[in-house]
Amino acid sequence: EDGEVTNDNVDRDVVIVPAATIGCGKTTIALSLRSLFGWGHVQNDNITVQKGKPRAFANACCKELEERPAMVADRNNHQKRERKQLIEDISRTVPNAHFVCLNYVHDRSNYNSIRAATRERVLSRGDNHQTIQAGSKGPDAVIEIMEGFMHRFEPVDPESSPDDGFHMVIDIDPTASSRDNLEIVINRLYAEYPKLFAGQDMPSSEDMDAAIDAAMKDYTVDIKHE
Ligand code: GDP
Ligand code: MG
C-alpha cells in the first residue's frame, strides 16, 4: 500500500491531450484552465523549429510540467500516430505522466453538425475573419484545411494502442459550447484527481463564464496545416 499511486494521490504530471479538429475549442478550453488554475499550455503553432517539430512539442509539454501540475498539449492529435508519439515522447522524460484525453467525439454520422459548428466559429467571427483574410487564406481554403483534419480523424479507442495509454478519456461534444465543455472537464478531473486541485476553490459558474469570455476575446484561430 505504501507509496502506491492511485488517482487519489495524483497531484502533478497530468497531461491533457485533446483529440479534435480545427475550431472545436481546444485553445479556448486551454486558456480557461490556465486562467482558472494556473495550468500549463503549449500550442503547436508556437513551436517554430523546422525539424523535429513533434519531438519539440513533446519537450515543451514536459517543460511546462516542471512548474505546473497539469498542462494542455494543444494540437489536434486527430490521428493515432500523433497520440502515440506524444504519449511515448512525454513518458520518456516524465515516466509517471498521467494522460487525459479530451475526446471531441467525431462520429461520421455527426459530421454535418460538427462542420456547421466549427465553420461558424472559425469563419464568422469578425476579428478572426480579418485574420484569415490577412493570412491570405480565403474561406474556401480554410474550409479545405478543416475538411482535411475531419477526413483524417481517427476516433479514440481506449481499448487498443495507442489510446489505451490514456488513463482517462473525457468525451465532449464538439458542437456544444466551450463553456459547457469546460464544466464537464473540470468536474471529471476533480472527481478523478482531487489532489490536483488541492488548496484551490472550485470555480463558480460565474468564474467559468468569465474565463471562457476572456479566452474568446484573447485569441485568434490557428488554421495552419500541421
Ligand atoms: P481550436 O481550433 O480547437 O483551438 O478552437 P478555438 O478554441 O480557437 O475556437 C475557435 C473559435 O471559436 C475561436 O474564435 C473561439 O473564440 C471561438 N469559440 C470557442 N468556443 C466557442 C463557443 O462555445 N461558442 C462560440 N460562439 N465561439 C466559440
Ligand atoms: Mg487552437
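A. Main features of the environment of Val 185. Its location among the elements puts Val 185 in helix α7 (residues 178–192). Along the backbone, Val 185 and Leu 102 are 83 residues apart, and their C-alpha atoms lie at a distance of 7.9 Å. With residues up to four places along the chain from it excluded, the contact list for Val 185 reads Leu 102, Ile 170 and Ile 172.

B. Expanded view of unusual backbone geometry. Cis geometry marks the peptide bond from Ser 161 to Pro 162; its omega dihedral reads 0 degrees. Residue placement: Pro 162 occurs in the loop between α6 (139–152) and β5 (168–172). For Asp 13, which is not glycine, the phi dihedral falls at a positive 60 degrees. On the secondary structure map, Asp 13 appears in the segment before β1 (14–19). Here Asp 13 falls in the buried class, since its relative accessible area comes to 16%.

C. Fine view of the sheet that holds β1. Pairing is parallel across the open sheet formed by 5 strands, whose spatial order is β2-β3-β1-β4-β5. Bordering the open sheet on either side are β2 (40–43) and β5, each of which pairs with just one other strand. When strand polarity is set aside, the average angle formed by the axes of neighbouring strands in this sheet is 20 degrees. Across 4 bridges, the pairing between β2 and strand β3 (residues 70–74) is parallel. Of the residues in β3, the one forming a bridge with Gln 43 is Asp 74. Helix α3 (residues 80–93) rests against β1, β3 and β4 (98–104) of the sheet, and its axis sits at about 160 degrees to β4.

D. View of the pattern of salt bridges. Tallied over the entire structure, the rule returns 9 salt bridges. With a closest N to O distance of 2.7 Å, Arg 83 and Asp 163 form a salt bridge. Of this pair, Arg 83 sits in helix α3 while Asp 163 sits in the loop between α6 and β5; the two residues are 80 residues apart in sequence, bridging distant segments of the chain. You'll find Arg 83 and Asp 163 in the same group, each marked buried. Asp 89 is the salt-bridge partner of Arg 92, the closest N and O atoms lying 2.8 Å from each other.

E. Here's a closer look at the packing of α7 against helix α8 (residues 205–218). Look at α7 against α8: their axes get within 10 Å of each other, and the N-to-C directions meet at 125 degrees. Considering their axes alone, α7 and α8 lie oblique with respect to each other. The way α7 lies across α8 gives a crossing that is right-handed. Between α7 and α8, the residues in contact are Ser 178, Arg 179, Leu 182, Glu 183 and Ile 186 and Ser 205, Met 208, Asp 209 and Ile 212, respectively. Each residue belonging to the contact of α7 with α8 can be placed in one class, and the counts come to 4 nonpolar, 2 polar and 3 charged.

The rules behind the values
- Residues numbered from 1 in each chain as written.
- Chains lettered and ligands numbered in written order.
- Predicted model: local features only at pLDDT ≥ 70, side-chain atom pairs only at ≥ 80, totals over all residues.
- Heavy atoms only, no water.
- Helix = DSSP H or I, 4+ residues; strand = E, 2+ residues; numbered from the N terminus.
- Contact = heavy atoms within 4.5 Å.
- Buried < 20%, exposed > 50% of the residue type's maximum accessible area, 1.4 Å probe, protein only.
- Pairing = 2+ DSSP bridges.
- Axes fitted to C-alpha atoms, helices over the stretch in contact; angles between N-to-C directions.
- Salt bridge = Lys/Arg side-chain N within 4 Å of Asp/Glu carboxyl O.
- Parallel < 35°, antiparallel > 145°, perpendicular 65-115°, else oblique.
- Left-handed = near helix turned anticlockwise from the far one by under 90°.
- Nonpolar A, V, L, I, M, F, W, Y, C, P; charged D, E, K, R; others polar.

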